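Spelled out, the chains give:
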Amino acid sequence: MTLQTLETPALLLDERQLRRNLATFQDRLLGLNVQLRPHGKTAKSIAVANLALTEQPKALTVSTLKEAEYYFANGISDLTYAVGIAPNKLAHVCDLVQRGARLTIILDSLAQATLANAAAAEHNVTLPVLIEIDCDGHRSGVTPTDPLLLTLGTYIHAASGLQLQGILTHAGESYACTTPAEIIALAEQERALAVQCANDLRRHGLPCPVVSVGSTPTGKYVQD
C-alpha cells in the first residue's frame, strides 16, 4: 500500500514524533504531580490513546458520544464528555452509565443541571458532573465571579441523581497566542481562575475533588 493507493479517510502518523511528543508531555505533567487526561477526538485511535496513557490512569476526554462508545468498547471506561450537555444526549449518556461507563458530563446552567437530574432519575443512575468555567472569554462556561457558580454547585450537590466532581476549564484562546510568553501568561490565568473557583466551592462546603485545566499549548507551558 502507498499514499497514492490508500483509501481516505485514513489516519497517518509519524510514530517516532508521536512518541516523542507524548513522552515530553507525560514527563512534564508527571513532574507537576497532576493526572493527564488526554483528548481522544483527534486520533480517534485506541492504540494512540494507550500510548498517551502510559504510566497514567486509563482516563480520556471525548467530544462526542460516538467517541465515548468507541473508547468504552475498547476498555477505557473513565471518560469525560467535555461538551456542554444537551437534552437530546442525556438518554445516551445514561445508557453508557448503565452499561458500566464512568461518564462525566459538564454543564454551565441550572437548566442543564435540572434536565440532567431528571434524566438520571428516569434511568436510575447517578451522573458525575463538572461545572464548566470560562477562564478566557472564549466560548462557554461560568465566569469565575458569577454567583451562578455557587448556585450550580449547591444544586448539583443536593440533587439525588447528580454527583458534583468539581470544575473544568479550557483556555481555548491559547491557540491564538504567538509567543511562549503569551502562552505562559494564559496558562497562569487558566490555573489561577480554576483554583479560585475550586476554593470558592470548598469554602461553601461543596466538594471539588477535580480541578481540570488545560489545552495543548497551556499544558506544554504551565509553570505550576
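See above for the structure.
Reading the values: the criteria
- Residues numbered from 1 in each chain as written.
- Predicted model: local features only at pLDDT ≥ 70, side-chain atom pairs only at ≥ 80, totals over all residues.
- Heavy atoms only, no water.
- Helix = DSSP H or I, 4+ residues; strand = E, 2+ residues; numbered from the N terminus.
- Buried < 20%, exposed > 50% of the residue type's maximum accessible area, 1.4 Å probe, protein only.
- Polar contact = N/O pair within 3.5 Å; in protein donor to acceptor, adjacent residues only side chain to side chain.
- Contact = heavy atoms within 4.5 Å.
- Pairing = 2+ DSSP bridges.
- Right-handed = clockwise from strand over helix to strand, strands pointing away.
- Salt bridge = Lys/Arg side-chain N within 4 Å of Asp/Glu carboxyl O.

**Remarks on the side chain of Asp136**
Thinking step 1. Summarising the element assignment, Asp136 is placed in the loop between β4 (127-133) and α6 (148-158).
Thinking step 2. In this structure Asp136 comes out as buried when scored by relative accessible area, which is 15%.
Thinking step 3. One polar contact links the side chain of Asp136 to the main-chain amide nitrogen of Gly172, over a distance of 3.1 Å.
Thinking step 4. In this view, Asp136 contacts His170, Ala171, Gly172, Glu173, Leu186 and Gln189; residues no more than four positions away in its chain are not counted.

**Thoughts on the environment of Leu96**
Thinking step 1. With respect to the helices and strands, Leu96 occurs in helix α4 (residues 90-98).
Thinking step 2. In the structure, Leu96 is positioned 52 residues away from Lys44 in sequence and 18 Å away in space, judged by C-alpha atoms.
Thinking step 3. In this structure, Leu96 is in contact with Leu65, Ala68, Glu69, Phe72, Ala101 and Leu103, ignoring residues within four places of it in sequence.

**Describing the pairing of strand β5 (residues 162-169)**
Thinking step 1. Counting buried positions along β5 gives seven out of eight residues, so the element sits mostly inside the fold.
Thinking step 2. Sheet topology note: the β5/strand β6 (residues 210-212) ladder contains three bridges and is parallel. What sits directly across from Leu168, in β6, is Ser212.
Thinking step 3. Traced from β5 through helix α7 (residues 180-203) to β6, the parallel crossover comes out right-handed.

**Thoughts on the pattern of salt bridges**
Any two side chains of opposite charge can pair if their charged atoms end up close together.
Thinking step 1. Following the criterion strictly, the structure yields seven salt bridges and no others.
Thinking step 2. A salt bridge links Arg19 to Glu15; the shortest N-O distance between them is 3.0 Å. Here the residue Arg19 and the residue Glu15 both occupy positions in helix α1 (residues 15-31), the gap between them amounting to four residues, near one helical turn.
Thinking step 3. For Arg19, a relative accessible area of 44% translates into the label partly exposed.
Thinking step 4. Ionic pairing is found between Arg203 and Asp200, a salt bridge with its closest N-O pair at 2.1 Å. Linking Arg203 with Asp200, this pair stays in helix α7, spanning three residues, or about one helical turn.
Thinking step 5. Classification of Arg203 as exposed rests on a relative accessible area of 61%.
Thinking step 6. Here the residues in one salt-bridge network are Glu69, Asp95 and Arg99, joined through shared partners.

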